[in-house]
Amino acid sequence: MQMYSESDVDISCLADSQITILGYGSQGRAHALNLKDSGFNVVVGLRKSGASWAKAEADGLAVMEPNESVKTAKIVMFLTPDMVQKSLYESVVDDIDNGATLMFAHGFAVHYKQIEARSDLNVALIAPKGPGGLVRRQYEEGHGVPCLVAVHQDASGDALKIALAYSAGIGGARAGVIETTFAEETETDLFGEQAVLCGGATELIVAGFETLVEAGYQPEVAYYEVMHDMISGPRVVDESSRAAMKDILADIQDGTFAKNWIAENADGMPEFKRRMQADLDHPIEKVGTDLRSRMDWLED
Ligand code: NAD
Ligand code: MG
């Protein structure tokens, strides 16, 4: 394993260079503000019609339309949802300067060949292993969120150096930056989300809730309990769960998951919306909405 820390990074390769951040959501806001506070020249690229424009301006950042924002950028970081990165790249590619570095915080679009970058461009990845809010908060407190770094295309010969300088700018190098590949980052990140975070964990909570309610316990009591841990270990997560995880991983590795997810997005996400509605209609959400409304210390 190769891990880099601040002492391995030379940020002078980005001195006087413009870094453009496309998108101003969870990651975009954190990266843009951290880089600015680190002394870099940051521009945010957004659609004028979008809701984030005013927010980025209010945060004191220079904001431009995507095409304008990339023209003089040495780094163009894609922090829009993964599913719009292909069309965004296609719409700005002719404005990107020769020899610039395209960067990503997740390898999906590159690994599944949604984006096949111009040969004069570097393509690199700095993926913080935490949500944007944490990336910002840790930075402000003088710490950082660990990152992964990878280089997919090294046109200039110093793509790794540039990516590491970026990671220092967002605070990641304070916590350690582990070298990986686009394939490893993309496949493990999707697996974590699909099989564990959004798939397994939520299903486990819902199954626990239903088991208690079906056995006659009050839904309110069941709600509190399943939010705590449910560690009956191997009786819950057994060999069949491991076999299912291997199936999920195989779909991610051979591109089946990506193909289906891209098609689902192209169709307007019918299955995603159906599942989302089913989740919202589930009794655990009704009970949860009521109980959470009494916790006035929760943020909106
Ligand atoms: P997000 O949904 O929070 O924000 C997306 C932003 O993109 C918004 O500002 C939106 O207005 C903007 N946008 C959408 N379409 C656009 C377009 N066509 N042109 C310009 N701007 C557009 O996204 P996020 O969660 O910050 O994810 C961004 C990237 O970071 C993704 O590649 C994601 O996989 C990766 N990532 C996310 C996390 C996380 O915890 N959220 C962690 C690591 C990596
Ligand atoms: Mg992810």
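Conventions adopted
- Residues numbered from 1 in each chain as written.
- Chains lettered and ligands numbered in written order.
- Predicted model: local features only at pLDDT ≥ 70, side-chain atom pairs only at ≥ 80, totals over all residues.
- Heavy atoms only, no water.
- Helix = DSSP H or I, 4+ residues; strand = E, 2+ residues; numbered from the N terminus.
- Rg over C-alpha atoms; globule rule 2.2 N^0.38 Å.
- Buried < 20%, exposed > 50% of the residue type's maximum accessible area, 1.4 Å probe, protein only.
- Contact = heavy atoms within 4.5 Å.
- Areas by Shrake-Rupley, 256 points an atom, 1.4 Å probe, with all protein chains shown as cover.
- Lys, Arg positive; Asp, Glu negative; His and termini not counted.
- Charge placed at Lys NZ, Arg CZ, Asp CG, Glu CD.
- Axes fitted to C-alpha atoms, helices over the stretch in contact; angles between N-to-C directions.
- Parallel < 35°, antiparallel > 145°, perpendicular 65-115°, else oblique.
- Nonpolar A, V, L, I, M, F, W, Y, C, P; charged D, E, K, R; others polar.

With that out of the way, let us pick up the overall build of the protein chain. Within the protein chain, the regular secondary structure consists of 14 helices and nine strands. On C-alpha atoms alone, the protein chain measures out to a radius of gyration of 21 Å, which is about the 19 Å that the 2.2 N^0.38 rule sets for 300 residues. On the principal axes, the C-alpha backbone points of the protein chain span a range of 65 × 45 × 40 Å. Across the 300 residues in the protein chain, those meeting the buried criterion constitute 41%. Nonlocal contacts in the protein chain, meaning residues at least 24 apart in sequence, comprise 66% of its contacts between residues at least 6 apart. Split by element, the accessible area of the protein chain, about 16,100 Å² in all, is 52% carbon and sulfur. Considering the protein chain, the positive charge centre built from 25 side chains and the negative charge centre built from 47 side chains are found 2 Å apart.

Contact geometry of helix 13 (residues 270-281) with helix 14 (residues 283-293) gives a least axis separation of 4 Å together with a crossing angle of 55 degrees. With respect to helix 14, the axis of helix 13 lies oblique. Along its contact with helix 13, which presents D279, L280 and D281, the element helix 14 presents P283, E285 and K286. Residue composition of the contact of helix 13 with helix 14, by class: two nonpolar, no polar and four charged.

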